[in-house]
Structures are given as C-alpha cells and as structure tokens.
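What follows is the residue order along each chain.
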Amino acid sequence: MNLKNIGKNAGSIYARSGYLIHKYFHTYLAKSRFGMYSLKKLKVLIAVFIVLVLILSTWKMGYFEPFHKTISLSSTDVRKFANLSVPTELVNMAKRITFADKVPLLAMINEAYIVPTHSWLCNTKNMGIHSQVIIIATDNNTFNTIGQRWPEVNVYRFTMFEQLTGAFQFDQPGYRLLTFMRARLLLEVLKQNVSFMNIETDCFWRKNPLNLLSSYKDYDFISAQLGYPLEMNNYTVGFSFLNATRRLVNAWEEMVRRLQENIETDWEQTLLDTLCKSNFAGIQCALFPYTKITDGKYYQRLEEKKKVAADPCVINNNYIIGLDEKILRAKLYKHWFLARNDVSCLDNSDLVKQEPC
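So, how was this worked out
Residues numbered from 1 in each chain as written. Predicted model: local features only at pLDDT ≥ 70, side-chain atom pairs only at ≥ 80, totals over all residues. Heavy atoms only, no water. Helix = DSSP H or I, 4+ residues; strand = E, 2+ residues; numbered from the N terminus. Buried < 20%, exposed > 50% of the residue type's maximum accessible area, 1.4 Å probe, protein only. Contact = heavy atoms within 4.5 Å. Pairing = 2+ DSSP bridges. Right-handed = clockwise from strand over helix to strand, strands pointing away. Disulfide = S-S within 2.5 Å. Axes fitted to C-alpha atoms, helices over the stretch in contact; angles between N-to-C directions. Core = buried A, V, L, I, M, F, W, Y, C linked by side-chain atoms within 4.5 Å.

Draft legend 1. Structural view of the overall build of the chain. In terms of helices and strands, the chain carries 12 helices and 10 strands. Buried positions account for 50% of the 357 residues belonging to the chain. A separation of at least 24 residues holds for 70% of the contacts in the chain among residues at least 6 apart in sequence.

Draft legend 2. Structural context of the pairing of strand β1 (residues 105-109). Most of β1 is tucked away: five of the five residues are buried. Relative to strand β2 (residues 133-137), β1 is paired through five bridges, and the arrangement is parallel. Paired with Leu 105 across the strands is Val 133, a residue of β2. For the segment spanning β1, helix α6 (residues 114-123) and β2, crossover handedness is right-handed. Taken together, the two bridges between β1 and strand β4 (residues 196-198) define a ladder with parallel strand orientation. When the sheet's bridge partners are listed, Leu 105 is paired in β4 with Met 197.

Draft legend 3. Just the state of the cysteines, in detail. Under the definition given, this model contains three disulfides. Covalently, Cys 122 is tied to Cys 345 through a disulfide, its sulfur atoms 2.0 Å apart. Judged by the sign of its S-S torsion, about -70°, the bond between Cys 122 and Cys 345 is left-handed. With Cys 122 in helix α6 and Cys 345 in the segment after α12 (323-332), this residue pair connects regions lying 223 residues apart in the sequence. A sulfur-sulfur distance of 2.1 Å marks the disulfide that ties Cys 276 to Cys 285. Between Cys 276 and Cys 285 the sulfur-sulfur dihedral comes to about -75°; the bridge is accordingly left-handed. Cys 285 gets classed as buried once you look at its relative accessible area, which sits at 13%. Counting only the cysteines that take part in disulfides, in the order they occur along the chain, gives the pairing 1-5, 2-3, 4-6.

Draft legend 4. Broad picture of the sheet that holds β2. Spatial ordering of the open sheet is given by β3-β2-β1-β4-β7-β6-β8, a layout of seven strands whose pairing is mixed. This sheet does not close on itself; its edge strands, each paired only once, are β3 (154-157) and β8 (285-287). Strand-to-strand twist of the sheet, defined as the mean angle between neighbouring strand axes without regard to direction, takes the value 30°. Its contacts with the sheet place helix α7 (residues 140-149) against β1, β2 and β3, and it is angled at close to 165° to β3. Packed onto the sheet, helix α10 (residues 268-277) meets β6 (221-225), β7 (235-242) and β8 and runs at close to 65° relative to β7.

Draft legend 5. Inspection of the nonpolar core at higher detail. Core analysis: the largest hydrophobic core is formed by 48 residues, its most contacted members being Trp 205 and Phe 239. Among the elements that make up this core, the one with the highest residue count is α6 (five residues). The residues contacting Trp 205, other than those within four sequence positions of it, are Leu 105, Trp 120, Asn 123, Thr 124, Met 127, Ile 129, Ile 199, Leu 210, Phe 239, Cys 313, Val 314 and Val 352. Core analysis: the next-biggest nonpolar cluster, separate from the first, contains 44 residues, Leu 177, Met 181, Val 256 and Leu 287 among them.

As far as function goes, none of this settles anything; it's purely spatial.
In structure tokens, the structure reads:
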C-alpha cells in the first residue's frame, strides 16, 4: 500500500463498506415509502452487506495477498535456516559499535515496515543513537531505501526469504517464519560473543532508554514485559537486551530448537519466558519496569480514560491489528514523525525528552 495518502486511504476498506451500507439503506428507505421493497428483501440486503464487510475485512488483514500463497511452514522452509552460517558482516558491524563503547541496536524489518522505520528514525534523530542502529533488511528494497535515506544507520542485507515483504498479521505463516528467522540469526550473533539490544521500530521513544541497562549488569537477558493483566511479568523479545553469556547462548539455542520443532504452535517469547522462569542453564533474566517500557495497552488505557504510566520512556505500538491501524494510532497521539511525503521528518520535538530515562 502507498502510505503517502494514509490520511485519505487508511481504513478505506471499512470506509467503503460503510459508505455502501449508508448509501443503499438510504435508497431502500426512500423507495420503501412507495412500497417497492418488502421486509424479506431488506433482510437479504442486510445479509449481503454483512458478507461483503466480512470479505473486505479479511482482505484488509492480508489473507488474500498473493505472496501469502507462496509461504508455508514446511520443514523445507524452516530447514533453510537450520545450518545458517555466521553472518560475518553483521557481526563485524555489531563489534565496531561495541568497540566504540556503545550498545548495538538490532532491528529486523521487511518492506512493509519501511515507513514506520523512517518515522522511528525521525523520532530518535537527536538522541545520538543512529550510529548504533543496525537494520536487518529482509529484502533488497528495504536495504536500499533505508541505506539511502539514513546513511549514518548501519544496514545489513539478509534476503534468504525475500518474498516475506508483507505486513503479516499475528499468527500468519509469514509472521511465524519472520520471527524464527530473527531468532535464528540472533543466535549466530550471540555465539560470536556480541551483546546487543533487539528492538522493533513500530514504537515511540519518548526518552533514550539505554541508560536503564546500567542497573542490570549481572543479568543475561532483560526485556520489556507485557501489559495485559494476565501476562504481566512475562518476558518478551521485541524490546530486550541480550548479554552474550554462555548461559544465554545455551538458553537461546534451546528456544530456537523448540521453536523449529513446533513452529506452527509455539512462539519465541513464550518459549523464552518459560526458559527464564525455570532458570534454564542457570540463566538470569530481569524485566524492565513497565512504567518505563510500556506497550500498546498504554493507548488502550488512554482511550478508556484509565490511569497510565506517568513518565514512560518507550511505548511499543502493539496490541492492535493491522499496520495501517498502528500508523493511525501513532498519528492520533502525535507519536508519528513523518510528513505526508513519507520522507521529511515532522518537528514533534516537544514530545521527545532529551533527559535520560
């Protein structure tokens, strides 16, 4: 989808279906005064509209996109990553950042997330972190676009499965394969004795959160926690620090093994949560304070007029279905930093605090 006209086009599937319903019901009401339609015909009309909305909604969620037909969770697809060689260029990028006494920030993105990544890079452009960022691009367009727009950012090309370009929904085969790819690649980086943060770019950094790491020097794995009440104190992967200790390498390797065996049912973060809570291989895990590293529940609570974290540093834009919906929500709360041309940065500097987290 071309996001240049996001304000006009976002939610257009629902808008079009709503418009049709509105239009034809008005037509019906007008004609019904003259006895042209019966109650039976009205019921048929309602049923047709319901089916239409369901079909359009399913299409909007991505299930009818052509590339989904080419992606499966077959053993052949998964085995492509089983004997992954050491990503030397990526490791060298991360080591150069480490030698400069900084923490590498790794984010794997595909073509669908180019625009949100532009927004996040605009969001953080004055935090002095761009030289620490490594974008792992899963297709050539992402590699070229990010590299040209942001020359200070490190971009690594990882195109073993280049048709994974879509904005996959949670639980779709493409989404599961992308998360497995990421887990497998990060394992190889850990094995080279490189510590780093794994981040996602569909988020808002209100403050630079990296100073929080100084409080967790003795831990192997530190992550954000989920905001859903039943999942509080659960470990996640999308915002996490991976300390390249032997304990974490062993635990991460076990997580990848289990994920490979049950990729259709398991998730990296639920597996890792289990390993952390059982202290597998002696692993020591910790959670960032939810008041500092929060998630999409923050927005939901605002909408419900409930109390939210007073001073968050990072708000991860999850707990919402659909990339367009994520972008609309970010724009609604002024947590979007791209102009309408999807290139220029907006000046939302009043929302970004320069003090440490």
